[in-house]
Amino acid sequence: MLKQNGTVFRPLVLTLVGIPGLESVQFWIGIPFCTMYTLALFGNSLLLVVIKAERSLHEPMYIFLAMLGATDIVLSTSILPKMLGIFWFHLEKIYFDACLLQMWFIHTYQGIESGILMAMALDRYVAICDPLRHATIFSHQLLIKIGVGVTLRAGLLGAPCVILIKCRLKFYQTTVVSHSYCEHMAVVKLAAEDVRINKVYGLFVAFSILGLDIICITLSYIQIFITVFNLPQKEARLKAFNTCIAHIVVFLEFYVLGFFSFFTHRFSFHIPSYIHILLSTLYLLVPPLLNPIIYGVKTKQIRDGMSKIFFPKYKY
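Here the structure is a predicted model, which means the values were calculated and not measured. (Residues numbered from 1 in each chain as written. Predicted model: local features only at pLDDT ≥ 70, side-chain atom pairs only at ≥ 80, totals over all residues. Heavy atoms only, no water.)

**Some words on the side chain of Asp72**
Link 1 in the chain: Mapped onto the elements, Asp72 comes out in helix α2 (residues 60-77).
Link 2 in the chain: For the buried residue Asp72, which engages in no salt bridge, the nearest side chain bearing the opposite charge is Arg153, 14 Å off.
Link 3 in the chain: Within the local environment of Asp72, its side chain forms a polar contact with the side chain of Asn291, the two groups lying 2.9 Å apart.
Link 4 in the chain: Setting aside anything within four residues of it in sequence, one finds Asp72 in contact with Asn44, Glu113, Pro287, Pro288 and Asn291. (Helix = DSSP H or I, 4+ residues; strand = E, 2+ residues; numbered from the N terminus. Buried < 20%, exposed > 50% of the residue type's maximum accessible area, 1.4 Å probe, protein only. Lys, Arg positive; Asp, Glu negative; His and termini not counted. Salt bridge = Lys/Arg side-chain N within 4 Å of Asp/Glu carboxyl O. Polar contact = N/O pair within 3.5 Å; in protein donor to acceptor, adjacent residues only side chain to side chain. Contact = heavy atoms within 4.5 Å.)

Now the structure itself:
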């Protein structure tokens, strides 16, 4: 690592400060974060076990839910161990390339989760608006294609963010990242060079993945609501709407937190940095924690599957 004119040339190591302004209480902040992470791992792992064990759950909705659970496990694991190392053991140092790898994992799996949520909305759209063709349209071949497609889309679109930092940005005004993990803009802001291309491409990725997905989800649910409200019987309307409640809650928690974190990091809005960092961390922790709880509470088949695991002597 060479210094030139007050800048650092291609640093080998960066320093993650954690949560600026809250360094004195980071140890205590780590306790609820660790609890949330542990519960998220347990809940999503249990969800995967139940879906794999119960043949009746080998349907598109539950297969998408299993994909979501696996994605949540990877997404939360990509930040929490290192973050707890910072909070509890003062392990602030991270290799530059390891930081870029963490960044790629975070943003890739955010994109994968968004794609899965869009697929779940389309699944509900077909199930409610065209139920007779649902089994034909959402075949196992299509599920595989969707899984591969959303993974490749997120991975390939996220890779240039890393490549642009690695190849374009040579001089850095500091090696201290004012964040608890390697977020794209937090690393880009370290550079002492023109970063407009990096910013523009980051916006392009965000709107081409999250923006496109939320448009598809919104249009799907508009059509779902129109179909549901046109059903002749009140009981049928309530039953159809009840199958969508869990999905709607999950969509809202993911996208509301996500867009708030995205815009405040780029446009500030005079929000203290520690509030932004706490919220952006919760954005990566709350959905993995709540998703298995929401689906476990709202979905009888999953509740029954969990009961068979913990209370195998009883019949359901």
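**Remarks on the state of the cysteines**
Link 1 in the chain: Under the counting rule described, the total for this entry stands at one disulfide.
Link 2 in the chain: Summary of cysteine pairing: Cys216 is not part of a disulfide, and the nearest cysteine sulfur, belonging to Cys129, is at 15 Å.
Link 3 in the chain: Residue Cys216 is classed as partly exposed on the basis of its relative accessible area, which comes to 25%. (Disulfide = S-S within 2.5 Å.)

**A few points about the packing of α2 against helix α6 (residues 140-168)**
Link 1 in the chain: Direction vectors running N to C along α2 and α6 enclose 25°, while the axes themselves pass 11 Å from each other. Between α2 and α6, the crossing angle belongs to the class labelled roughly parallel. Every pair of crossing elements has a handedness; the one defined by α2 and α6 is right-handed. Contacts between α2 and α6 pair Pro60, Ile63, Phe64 and Met67 from the former with His140, Leu143, Ile146 and Gly147 from the latter. (Axes fitted to C-alpha atoms, helices over the stretch in contact; angles between N-to-C directions. Parallel < 35°, antiparallel > 145°, perpendicular 65-115°, else oblique. Left-handed = near helix turned anticlockwise from the far one by under 90°.)

**Focus: the UniProt feature "transmembrane region" (unreviewed entry) in the protein**
Link 1 in the chain: Mapped onto the present numbering, the UniProt feature "transmembrane region" (unreviewed entry) falls on residues 27-50, 62-89, 101-122, 142-165, 200-228, 240-262 and 274-297.
Link 2 in the chain: Structurally, residues 27-50 is divided into 100% helix and 0% strand, and its ends, taken at the C-alpha atoms, are 35 Å apart. (UniProt positions renumbered as here; feature names shortened; annotations may be inferred.)

**Considerations on the packing of aromatic side chains**
Each pair of aromatic rings is reported with the distance of its centres and the angle of its planes.
Link 1 in the chain: On inspection of all chains with the given rule, the structure shows 14 aromatic pairs.
Link 2 in the chain: With a centroid separation of 6.4 Å and 35° between ring planes, the pair formed by Phe33 and Phe87 is classed as tilted. Separated by 54 residues along the polypeptide, Phe33 in helix α1 (residues 26-53) and Phe87 in helix α3 (residues 80-89) bring together distant segments of the chain. Each member of the pair, Phe33 as well as Phe87, is classed as buried.
Link 3 in the chain: Within the aromatic cluster, the residues linked to one another by ring pairs are Tyr221, Phe225, Phe229 and Phe251. (Phe/Tyr/Trp six-rings, centres within 6.5 Å; stacked < 30°, edge-to-face > 60°.)

**Observations concerning the side chain of Glu183**
Link 1 in the chain: Turning to its location among the elements, Glu183 is positioned in the loop between β6 (176-177) and α7 (184-188).
Link 2 in the chain: Judged by relative accessible area, Glu183 falls into the buried class, the value being 9%.
Link 3 in the chain: Within the structure, Glu183 has its side chain in polar contact with the backbone nitrogen of Ala186 (distance 3.1 Å).

**Remarks on the packing of α1 against α3**
Link 1 in the chain: One can describe the packing of α1 onto α3 by two numbers: an axis separation of 8 Å at closest approach and a directional angle of 155°. In terms of axis orientation, α1 runs roughly antiparallel to α3. For the crossing formed where α1 meets α3, the hand is left-handed. Here α1 contributes Gln26, Phe27, Ile29, Gly30, Ile31, Phe33, Cys34 and Tyr37 to the contact with α3, which in turn contributes Leu80, Pro81, Met83, Leu84, Ile86, Phe87 and Trp88.
Link 2 in the chain: Class assignment of the residues belonging to the contact of α1 with α3 gives a composition of 13 nonpolar, two polar and no charged. (Nonpolar A, V, L, I, M, F, W, Y, C, P; charged D, E, K, R; others polar.)

**A few points about helix α11 (residues 300-310)**
Link 1 in the chain: Ile302, Gly305, Met306 and Ser307 are the residues of α11 that are buried.
Link 2 in the chain: Packed against the buried residues of α11 are α1, α2 and α10 (273-298).

**Side note on the environment of Tyr95**
Link 1 in the chain: Within the fold, Tyr95 resides in strand β4 (residues 93-95).
Link 2 in the chain: Between the C-alpha atom of Tyr95 and that of Leu14, which follows or precedes it by 81 residues, the distance is 6.1 Å.
Link 3 in the chain: Those residues in contact with Tyr95 that sit more than four places away from it in its chain are Leu12 and Val13.

**Points about the pairing of strand β3 (residues 13-16)**
Link 1 in the chain: Taken together, the three bridges between β3 and β4 define a ladder with antiparallel strand orientation. Each bridged residue has a counterpart across the sheet, and for Val13 the counterpart in β4 is Tyr95.
Link 2 in the chain: In terms of strand pairing, β3 meets β6 through two bridges, oriented parallel. Within the sheet, the bridge partner assigned to Leu16 lies in β6 and is Val177. (Pairing = 2+ DSSP bridges.)

**Focus: the nonpolar core**
Link 1 in the chain: Of all hydrophobic cores here, the largest spans 89 residues; its most connected members are Leu117 and Ile165.
Link 2 in the chain: Ranked by residue count, the leading element in this core is helix α4 (residues 96-129), at 14 residues.
Link 3 in the chain: Ignoring anything within four residues of it in the chain, the contact list for Ile165 reads Phe96, Leu100, Met103, Tyr172, His184, Val187, Val188 and Asn198. (Core = buried A, V, L, I, M, F, W, Y, C linked by side-chain atoms within 4.5 Å.)

**Quick word on the sheet that holds β4**
Link 1 in the chain: The three strands lie next to each other as β4-β3-β6, forming an open sheet whose pairing is mixed. The strands lining the two open edges of the sheet, one partner per strand, are β4 and β6.
Link 2 in the chain: Its contacts with the sheet place α4 against β3 and β4, and it is angled at close to 85° to β4.

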